[in-house]
Amino acid sequence: MTRRALGVLALALCAGTAAAGPMQDLLQRNRALIEESSRRTIAPAIEAVATSGLPQAQQVLRAWQDKALAIDAAGRFWIAGEGAPLDPEGELAAPEGDLDRIKPNSGIRALLGTALVSFQLTDPDPARRMAGLDSILRDPEPELLAPLRASMAGETDPAIAARKERLERLLTMRFGEDEAARVAAIEALSGDISVEARGALNPLLATRRVAGPAGETPEGNLAARLVPGADGFGHAAAYAMLVDAGLAPPRPTDAQIRDALAANIEAGRVAGVPVAQLGDPGRRAAAYDALAGQGLVPPRVDEAQVEAALAAHGFHEIYLEPSAAVTDAARRALAAIDTKVTAMKGVDLGLDALSLASIYFLAAIGLAVTFGVMGVINMAHGEFIMMGAYTAYLVQQLVPDRTLSLIAALPAAFVVTFAAGVAMERLVIRHLYHRPLETLLATFGISIALQQLAKIAFGTQARPLTAPDWLGGAWIMNDVVGISHIRIAIFVLALMFLGFFLFLMKRTRLGLETRAVTQNPGMAASAGIDPGRVNMLTFGLGSGIAGIAGVAIGLYAKVTSEMGADYIVQSFMTVVVGGVGNIWGTLAGAAMIGGLQKAIETANPSNTLAAQTYMILVVILFIQFRPRGIVALRGRAAGD
């Protein structure tokens, strides 16, 4: 191979022709195998380099794997590369003639990769050692068990040492030669729910099906006896096994019968049967049987013969793993793992339900104020959520830093939606108190108008609301349980709002006045409280909380003009089920709705629309038995 114009600088593996180094001598002794590059014969050459103990061994193996190992015209080996020439053995010489690179195939490169793993496992760099363990995990081989065990004694990093120990168990239970050691390794992994552990245990229970004379038990590690027609083992599959084993004649298919009849037409007849009569199944079968009697075609096998053949033979599943102790331990370990995985799935479902409940609580807490405390059916509540999300989007356009923009977006969304809520209450709602139908229609119209304004201002495409980097990723407990950092942040935000709302209602003058107006507006007015002012501030507060909920929801959901409609139904259900006007009821309702929705989605994961329908039906039934919700309300909204 000619050198390119830029030049391929070569690193000598020997000093010169007269003074060859030990690595060059080693390669020369295996030159024929290296040049042949055959997967079947190359192993001794790779082993010779890997076990030589020479400092250049890893460099040579890596160059060989990267197709950088080359031979010059004098038959000397070189490492071809770019940059300053270095001689691994301490002396520099120029190659004679052009370099001809060794081009190992994928099979040889895999063997070289296996050989390099032993060097990676003892590399001073922890990252390289971890990469070596990853390589073993991706492609486990029996040959890797010995170098892995040899590297464990000198491991100084506790995390890498623990991973080496775990990986050693995985390899031991699959490739170990001592049965007791394999069983011990399996038992040690019986509580490990990782994908790697289950992936290593499942092959131990792989089976093959065998057929033989009835009453005889086949040799090997017996897994199960199969009964044709039971446990998914059909008669057709059973008879096919007999045919494959040469224990029964094959059954000609309808197509094969037609082809055989067509190939044996003579003077308009087939075995004496006129062609015109072959449309009749009985005549067609008689013609084929006549041909079979003459030895021209294979005999036809009817159902009675199939049943007789099946009755005369037995069918079994045999483990590919010959050790019964190993398969018994693997079955027990997988059973224990399945139990733990089921429990962990329950924990994961609980976290999902808790996360969804916190989202519904944030979305509904503002509605609990306006609907529960004031008795106003605000169908535009979802649009306040949408306004908060769009406010956060605009703030993010002005403030590039994602963390600062999020911090600024929360109060900005509250101010914008609080002002919008106050304006809505002053201009529309205050004229419609005690007229629920008109309030519903008016707020529904406002909802449509706000959606259209959002489409005009921002378009119909979803707008990105990017979370800070520290909110990216997820908290992964194990291979089954995990929750995103954004969901955790929303849960924390929901707890903060719960505390804020409790403080506001119990420890502030506005809270005291709101509770007074809620329980008895006439008496509150007689005591000097202005019900109109309290209603205005309360409605603005509920709208502002909805705006902050929009910021949180926009971090993981699409920000569009219709995003509020996705939460208005759940928000109303949360408030009504929990108990109108009670913060603890809203919390209980959010927990019930979130848990119920996740449970129904888990039971019917393929149809989310049906899950929503079932959830609404369950809520309707619940309200029939408890119309005031989980936590009953006292005062105006409960109905005097």
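Criteria and cut-off values
- Residues numbered from 1 in each chain as written.
- Predicted model: local features only at pLDDT ≥ 70, side-chain atom pairs only at ≥ 80, totals over all residues.
- Heavy atoms only, no water.
- Phe/Tyr/Trp six-rings, centres within 6.5 Å; stacked < 30°, edge-to-face > 60°.
- Helix = DSSP H or I, 4+ residues; strand = E, 2+ residues; numbered from the N terminus.
- Pairing = 2+ DSSP bridges.
- Axes fitted to C-alpha atoms, helices over the stretch in contact; angles between N-to-C directions.
- Buried < 20%, exposed > 50% of the residue type's maximum accessible area, 1.4 Å probe, protein only.
- 1 Å grid on protein atoms, 1.4 Å probe; cavity = no way out; pocket = protein on both sides within 12 Å on 5 of 7 lines; lining within 4 Å.
- Points joined across faces, edges and corners; volume = space filled by probe spheres on them.
- Nonpolar A, V, L, I, M, F, W, Y, C, P; charged D, E, K, R; others polar.
- pLDDT = per-residue confidence, 0-100.
- Contact = heavy atoms within 4.5 Å.
- Salt bridge = Lys/Arg side-chain N within 4 Å of Asp/Glu carboxyl O.
- Patch = residues over 30% accessible without salt bridge, like charges linked within 9 Å, V, L, I, M, F, W, Y side chains within 5 Å.
- Areas by Shrake-Rupley, 256 points an atom, 1.4 Å probe, with all protein chains shown as cover.
- Arc of directions from axis to C-beta.

Focus on the packing of aromatic side chains
So, point 1. All chains considered together, the criterion is met by five aromatic pairs.
So, point 2. A ring pair is formed by Tyr-390 and Phe-458, whose centres lie 4.0 Å apart and whose planes are at 10°; its orientation type is stacked. Pair noted here: Tyr-390 is in helix H16 (residues 381-398) and Phe-458 is in helix H18 (residues 436-458), with a separation of 68 residues, a long-range link.
So, point 3. Judged by centre distance (5.8 Å) and plane angle (20°), the rings of Phe-414 and Phe-418 are stacked.

Describing the sheet that holds strand E9 (residues 313-319)
So, point 1. Here three strands make up an open sheet; going across it, the order is E5-E9-E6 and the pairing antiparallel. Of all strands in the sheet, those bounded by a partner on one side alone are strand E5 (207-213) and strand E6 (221-226). If you compare each strand with its neighbour and ignore which way they point, the axes differ by 35° on average.

Regarding the side chain of Thr-391
So, point 1. When you line up the elements, Thr-391 lands in helix H16.
So, point 2. Residue classification places Thr-391 among the buried residues on the basis of a relative accessible area of 10%.

Comments concerning empty space enclosed by the protein
So, point 1. In this structure the tally under the stated criterion is three cavities of 30 Å³ or more.
So, point 2. Estimated volume of the largest cavity: approximately 50 Å³.
So, point 3. What lines the largest cavity is a set of 10 residues, among which Val-369, Met-505, Thr-514, Thr-538 and Leu-541 lie closest to the centre.
So, point 4. Secondary-structure elements contributing two or more residues to the lining of the largest cavity are helix H15 (324-373), helix H19 (485-507), helix H20 (509-519) and helix H22 (531-554).
So, point 5. When its residues are assigned to classes, the lining of the largest cavity shows eight nonpolar, two polar and no charged.
So, point 6. Estimated volume of the second largest cavity: approximately 40 Å³.
So, point 7. Along the walls of the second largest cavity sit Ala-392, Gln-396, Arg-402, Ser-405, Leu-406, Ala-409, Leu-465, Thr-466, Ala-467, Pro-468, Val-551 and Leu-555, which together make up its complete lining.
So, point 8. Put simply, the parts of the chain that give the lining of the second largest cavity at least two residues each are H16 and helix H17 (402-427).
So, point 9. A per-element tally of the lining of the second largest cavity places H17 first, with four residues.

Concerning the confidence of the model for the protein
So, point 1. Looking at the protein, the pLDDT average stands at 82 and 92% of residues meet or exceed 70.
So, point 2. Counted against residues more than four places away or in other chains, residues 1-19, with its pLDDT under 50, gives 68 contacts.

Examining the pattern of salt bridges
So, point 1. This structure, assessed with the given rule, holds 19 salt bridges.
So, point 2. Taking the shortest distance from any N to any O, the salt bridge between Arg-166 and Glu-196 comes out at 3.7 Å. One end of the pair, Arg-166, is in helix H8 (residues 158-175); the other, Glu-196, is in helix H10 (residues 195-201), with 30 residues separating them in the sequence.
So, point 3. Residue classification places Glu-196 among the partly exposed positions, given a relative accessible area of 30%.
So, point 4. Among the ionic pairs, Arg-533 bridges to Glu-513, the shortest N-O distance being 3.1 Å. With Arg-533 in helix H22 and Glu-513 in helix H20, the pair connects residues that are 20 residues apart, well separated along the chain.
So, point 5. Classification of Arg-533 by relative accessible area gives partly exposed; the value is 40%.
So, point 6. Classification of Glu-513 by relative accessible area gives buried; the value is 8%.
So, point 7. In this structure, a network of salt bridges that share partners links the residues Arg-129, Glu-155 and Lys-164.

Considering a nonpolar patch on the surface
So, point 1. A cluster of nonpolar side chains, namely Val-569, Tyr-614, Ile-616, Leu-617 and Ile-620, defines an oily patch on the protein surface of about 430 Å² accessible area.
So, point 2. Examining the composition of the nonpolar patch, we find that four residues originate from one element, helix H25 (residues 608-625), more than from any other.
So, point 3. Residue position: Ile-620 is located in helix H25.

Here we look at helix H7 (residues 145-152)
Residues three or four positions apart in an α-helix share a direction because the helix packs 3.6 residues into each turn.
So, point 1. Those residues of H7 that sit buried are Leu-145, Leu-148 and Ser-151. An end-on view of H7 places all buried positions within 130° of arc, on one side of the element. Those residues of H7 that are exposed and angled more than 90 degrees off the buried face are Ala-146 and Ala-150.

A short note on helix H11 (residues 235-244)
So, point 1. Every buried residue of H11 is listed here: Ala-238, Tyr-239, Met-241 and Leu-242. What you see down the axis of H11 is that its buried residues fit within an arc of 150°, all on one side. Opposite the buried face of H11, by more than 90 degrees, sit the exposed residues Ala-236 and Asp-244.
So, point 2. Turning to H11, the residues buried within the fold contact E5, helix H14 (303-311) and E9.
So, point 3. Taken from the residues just after H11, Gly-246 is the one with a positive phi, measuring 75°.

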